[in-house]
Amino acid sequence: MHVRDDHQTLNSLAFIAPERASDLLNQRQKFLSWFPRRDAFIWKTYDQERWQKAIGPLLDAQILGVVSDEGRGLFRGCYWSHKTRHAVLDIDIDSRYRNADELQKLQANLSAVGLYAITYRSSDSGGCHLYLPFDEWAESDEVNQLLKIWLKNLGYEIVSGQLEIFPSGNALRLPLQKGFAWLASDGSIKVRREEIREDEALASFVQDFEENARNWQEAKSLIDSQIESAGRLAAPAPRSMKK
């Protein structure tokens, strides 16, 4: 369980029109629910390169603070719970997969197993976070291991700097912070976080998530089938017996 600072949340809604305030509160609650682990987190200032680990609790107000760009010059990131509503594929700016052809190829591979990747710029560094939302909670370890095996079978290099898979034992930068952007399928920028209000950013992210959520169990079945087929193709043919 995490602690919600309702007093601060309500205060921040005090000067917003009632109907917009209700929508914003609902969007905030949905967004926060997708990051349930709060006993530890990572953080750094805008001018720091290395993340630092802190022991929680990480409060709702602290997450909303960096989303609203009121985090006093801080970035924050969350660790993963044992269950998740999404996976993330992390592609650095210098990765061989950070180009239009590779991003579209990756999207096609995911689509073939019933998953949809929403492509965002994670920060000003230019790397990508591809969010794969699920319509129900899934086991984090299962998601990580199955995606790793499947993507390796497809020839992807799963290593830091090229392509990383989350959930994992590592924390990940929260979305919608300074430097975040919405990307087109070819990786070009559509909208920067700094160009829109907090409520617009949250509404867009929540809408992206809900409209593109897929069933993990169905995807798992298709991935398992592809892995099994690849294993059969890779197996050596039986040797004929000489008479």
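Just above, that's the structure.
Residues numbered from 1 in each chain as written. Predicted model: local features only at pLDDT ≥ 70, side-chain atom pairs only at ≥ 80, totals over all residues. Heavy atoms only, no water.

A. Geometry of the sheet that holds strand S6 (residues 128-139). The sheet built from six strands is open, its strands ordered S7-S4-S6-S5-S9-S10 with antiparallel pairing. At either margin of the open sheet sits one strand with a lone partner, and together these are strand S7 (164-166) and strand S10 (189-192). With strand direction ignored, the average angle separating the axes of adjacent strands in the sheet is 30°. Inspection of the sheet shows strand S5 (residues 118-121) paired to S6 by four bridges, in the antiparallel sense. Within the sheet, the bridge partner assigned to Ile118 lies in S6 and is Tyr131. (Pairing = 2+ DSSP bridges. Helix = DSSP H or I, 4+ residues; strand = E, 2+ residues; numbered from the N terminus. Axes fitted to C-alpha atoms, helices over the stretch in contact; angles between N-to-C directions.)

B. Region of the structure containing unusual backbone geometry. With an omega of 10°, the peptide bond between Gly56 and Pro57 qualifies as cis. Note on placement: Pro57 falls in the loop between strand S2 (52-55) and helix H3 (60-67). With an omega dihedral of 15°, the bond running from Phe166 to Pro167 counts as a cis peptide bond. Along the chain, Pro167 turns up in the loop between S7 and strand S8 (172-173).

C. Seen up close, the sheet that holds S8. Ordered by their spatial adjacency, four strands build an open sheet running S2-S1-S3-S8, and the pairing between neighbours is antiparallel. The open sheet has two edge strands with one neighbour each: S2 and S8. One ladder, built from two bridges, connects strand S3 (residues 74-78) with S8; its direction is antiparallel. In the strand pairing of S8, Gly77 is matched with Arg173.

D. Structural detail: the packing of aromatic side chains. Tallied over the entire structure, the rule returns 15 aromatic pairs. Aromatic pair Tyr120 and Tyr131: ring centres 5.7 Å apart, planes at 75°, arrangement edge-to-face. Residue Tyr120 is located in strand S5, and its partner Tyr131 is located in strand S6; the two are separated by 11 residues in the primary sequence. A relative accessible area of 3% means that Tyr131 is categorised as buried. Residues Phe134 and Trp216 carry aromatic rings whose centres are separated by 5.4 Å and whose planes lie at 45° to one another, so their mutual orientation is tilted. With Phe134 in strand S6 and Trp216 in helix H7 (residues 216-234), this pair connects stretches of sequence that are 82 residues apart. This pair shows no difference in class: Phe134 is buried, exactly as Trp216 is. Among the aromatic residues, those joined into a ring-pair cluster are Phe31, Trp34, Phe35, Tyr120, Tyr131, Phe180, Trp182, Phe205 and Phe209. The cationic tip of Arg173 hangs over the ring face of Phe75; the distance from NZ or CZ to the ring centre is 4.8 Å. (Phe/Tyr/Trp six-rings, centres within 6.5 Å; stacked < 30°, edge-to-face > 60°. Buried < 20%, exposed > 50% of the residue type's maximum accessible area, 1.4 Å probe, protein only. Lys NZ or Arg CZ within 6 Å of the ring centre and 35° of its normal.)

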